[in-house]
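# What the coordinates show
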Amino acid sequence: MQDHHALRLEGEDLARRLSLTPQLPASDPLAPALDDELLGLRAAAEGPAFDRVYVAKERTTHQTIIDFAERARRSTP
């Protein structure tokens, strides 16, 4: 969580320095994975059960992002 928070702050600082307003693309290819994660977290019980769902969903979401980045890398000349 600490690494995620630090990365988010770095991104916000960079956007501020460059006067950018980050926006997701209209047809964000990662949106379904993120939506699935949020639905799973909302349905999870509190405590250890929530933690298990959170870690499982985060692993899936991160793998989706890695796969997307790899496809983009391979398709970029």
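Described below are features of the structure shown in this document. (Residues numbered from 1 in each chain as written. Predicted model: local features only at pLDDT ≥ 70, side-chain atom pairs only at ≥ 80, totals over all residues. Heavy atoms only, no water.)

### Things to note about unusual backbone geometry
Located in the positive-phi region is Ser19, a residue other than glycine, with phi close to 55°. Examined against the element boundaries, Ser19 turns out to sit in the loop between helix 1 (2–17) and helix 2 (31–43). (Helix = DSSP H or I, 4+ residues; strand = E, 2+ residues; numbered from the N terminus.)

### Brief notes about the pattern of salt bridges
Counted by the stated rule, this structure contains five salt bridges. Between Asp13 and Arg17 there is a salt bridge, with its nearest N and O atoms 3.2 Å apart. Within this pair, Asp13 and its partner Arg17 are both found in helix 1, separated by four residues, close to a single helical turn. Looking at Asp13, the relative accessible area reads 32%, which means it is partly exposed. (Salt bridge = Lys/Arg side-chain N within 4 Å of Asp/Glu carboxyl O. Buried < 20%, exposed > 50% of the residue type's maximum accessible area, 1.4 Å probe, protein only.)

### Thoughts on the packing of aromatic side chains
Taken as a whole, this structure holds one aromatic pair when the rule is applied. Considering the side-chain rings of Phe50 and Tyr54, the 6.4 Å spacing of their centres and the 10° angle between planes classify their relative orientation as stacked. A residue pair is termed a helical-turn pair when its members lie 3 or 4 positions apart in one helix, as Phe50 and Tyr54 do in helix 3 (residues 48–75) at four residues. On the basis of relative accessibility, which here comes to 30%, the residue Phe50 falls in the partly exposed class. Among the residues examined, Tyr54 registers a relative accessible area of 25% and is labelled partly exposed. (Phe/Tyr/Trp six-rings, centres within 6.5 Å; stacked < 30°, edge-to-face > 60°.)

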